[in-house]
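So you can see what is in the structure, the chains are spelled out below.
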Amino acid sequence: MIFTHQNNERYLDVMRDMIRVEQQFGIETNRISFDAVEEEMDRKLFMFISESVFVIVLILVGIYLVYRSFKQELRFQRQQQNFLLSITHELKTPLASIKLYLQTLSSKKKLSEEKQSEFLSGSLEQVDRLTQLINHVLESTKETRAPRESLAEKIDVVPVFTTVCNEYGVEFRGGDAPLFAHIGETDLELLLSNLVKNAVLYSGETPEGVSVTLQSQEKNVTLVVSDSGVGIKDEHKKQIFERFFRVGEEDTRRANGTGLGLYIVDQLVKKYKGKISVTDNQPKGSTFTVIFPKRIT
Ligand code: ADP
């Protein structure tokens, strides 16, 4: 830009000299005037400056975009690493318990019938835990596709709520009156149990202070899961729905988990064209609100 501008100035200087000489010798030509030369000069200068500013802005935007995607990639890589660590832990723990139960059962020692059935049901519980984990991993790899209304049958959602709340020992404020909506029963169960499980887990593994509310509006169903646990910082409120995201670092975290639960919840909410939001509960804890339409249009 500078070179072109300098060349231009040189050329315009020559033009000025020529006009001056022509005026001195009284030569009449139709050449442009001094003012026109100056005007042309200003116009060119403005053009050069605006073009360079545009190019510089373009380069800066490019650098910013590359930097942003690089940072995102790094974050994603760290989350994946964390996921591998946590999934290994989640797989190893139930397997170790099952092995211990089976070793004890198959040992020569005579065990009372009571003990035997305790160990067997313990093993089955761990198998359930493994199955649930594998289902979560499979579910998280599925693509979100909104089901047609005919595919999502109309069900009474209240029994699903009562079952899940009973399972976690959580208070359910939804009444007994049936509430019909077009939603897959397994999907609703998965969605709700992930929210309730988290509410209990992040309240120090106790259902105290956790409540589940279900409300019916004209076109929508609103479910609210709130707890009085550790709460979620504002900067994490969006990230918690990302796949593999967990607050904090793997080696310092106390609660077990894989970072898949809320990702699955978010995918299911999208599948049924609903909306999910998270806010602070008062005086402490978090509130998850899900609104989904009774009919899928
Ligand atoms: P996981 O619980 O397996 O780590 P989730 O996807 O269910 O994975 O949750 C992601 C993160 O969001 C959790 O690691 C936790 O830090 C945070 N979180 C989720 N639910 C709650 C809650 N009710 N209270 C506080 N933190 C929560």
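One can find the structure itself at the top, above this paragraph.
The rules behind each value
Residues numbered from 1 in each chain as written. Predicted model: local features only at pLDDT ≥ 70, side-chain atom pairs only at ≥ 80, totals over all residues. Heavy atoms only, no water. Salt bridge = Lys/Arg side-chain N within 4 Å of Asp/Glu carboxyl O. Helix = DSSP H or I, 4+ residues; strand = E, 2+ residues; numbered from the N terminus. Buried < 20%, exposed > 50% of the residue type's maximum accessible area, 1.4 Å probe, protein only. Near = heavy atom within 4 Å. Polar contact = N/O pair within 3.5 Å; in protein donor to acceptor, adjacent residues only side chain to side chain. Areas by Shrake-Rupley, 256 points an atom, 1.4 Å probe, with all protein chains shown as cover. Nonpolar A, V, L, I, M, F, W, Y, C, P; charged D, E, K, R; others polar. Phe/Tyr/Trp six-rings, centres within 6.5 Å; stacked < 30°, edge-to-face > 60°. Patch = residues over 30% accessible without salt bridge, like charges linked within 9 Å, V, L, I, M, F, W, Y side chains within 5 Å. Axes fitted to C-alpha atoms, helices over the stretch in contact; angles between N-to-C directions. Parallel < 35°, antiparallel > 145°, perpendicular 65-115°, else oblique. Left-handed = near helix turned anticlockwise from the far one by under 90°. Contact = heavy atoms within 4.5 Å.

(A) Highlighting the pattern of salt bridges. If you walk through the whole model with that rule in mind, you get 11 salt bridges. Arg20 serves as the salt-bridge partner of Asp17, at 3.0 Å between the closest nitrogen and oxygen. In this pair, Asp17 and Arg20 both sit in helix H1 (residues 2–24), 3 residues apart, roughly one turn of the helix. The exposure class of Asp17 is partly exposed, given its relative accessible area of 41%. For Arg20, a relative accessible area of 41% gives the class partly exposed. Here Glu171 ties to Arg173 by a salt bridge, and the two come within 3.2 Å at their closest N and O atoms. Glu171 sits in the partly exposed class, given a relative accessible area of 42%. Note on Arg173: relative accessible area 46%, which makes it partly exposed. Several salt bridges converge on common partners, so that one network encompasses Glu40, Arg43 and Lys44.

(B) Spatial organisation of the site of the ligand. Around the ligand sit 19 residues in total, of which Asn198, Tyr202, Arg246, Thr258 and Leu262 are the nearest. One nitrogen or oxygen atom from the side chain of Arg246 is found 2.5 Å from an oxygen atom belonging to the ligand. Here an oxygen atom of the ligand sits 2.8 Å away from a polar atom, N or O, in the main chain of Thr258. Contact with the protein chains removes 96% of the 530 Å² of surface that the ligand exposes when unbound. For the shell around the ligand, the elements supplying multiple residues, two or more each, are helix H5 (185–201), helix H6 (261–271) and strand E7 (286–293). Split by residue class, the shell around the ligand holds 10 nonpolar, 7 polar and 2 charged.

(C) Layout of unusual backbone geometry. Going from Gln282 to Pro283, the amide bond is cis rather than trans, its omega being -5°. Mapped onto the elements of the fold, Pro283 is located in the loop between strand E6 (275–280) and E7. The phi torsion at Phe244 lies on the positive side, around 75°, for a residue other than glycine. By the secondary structure assignment, Phe244 is in the loop between strand E5 (220–226) and H6. A positive phi angle, near 55°, is found at Lys273, a position not held by glycine. Here Lys273 lies in the loop between H6 and E6. Look at Lys273 and you get partly exposed, because its relative accessible area is 43%.

(D) The packing of aromatic side chains, seen in detail. As enumerated under the stated definition, the model contains 5 aromatic pairs in all. These aromatic residues form a ring-pair network of at least three members: Phe76, Phe83 and Phe244.

(E) How the structure looks around a nonpolar patch on the surface. On the surface, a cluster of nonpolar side chains totalling about 930 Å² of accessible area is made up of Met1, Ile2, Leu45, Ile49, Val53, Val57, Val61, Tyr64, Leu65 and Tyr67. In terms of residue count, helix H2 (residues 34–106) provides more of the nonpolar patch than any other element does, 8 residues in total. Relative to the helices and strands, Ile2 resides in helix H1. Judged by its relative accessible area of 57%, Ile2 is exposed.

(F) Structural view of the packing of H2 against helix H3 (residues 113–140). Viewed as axis vectors pointing N to C, H2 and H3 meet at an angle of 160°, and their least axial separation amounts to 9 Å. Taken together, the axes of H2 and H3 are roughly antiparallel relative to one another. Note on packing geometry: the crossing formed by H2 with H3 is left-handed. Here Ile87, Glu90, Leu91, Thr93, Pro94, Leu95, Ser97, Ile98, Tyr101, Thr104 and Leu105 of H2 lie close against H3, whose contacting residues are Gln116, Phe119, Leu120, Gly122, Ser123, Gln126, Val127, Arg129, Leu130, Leu133 and Val137.

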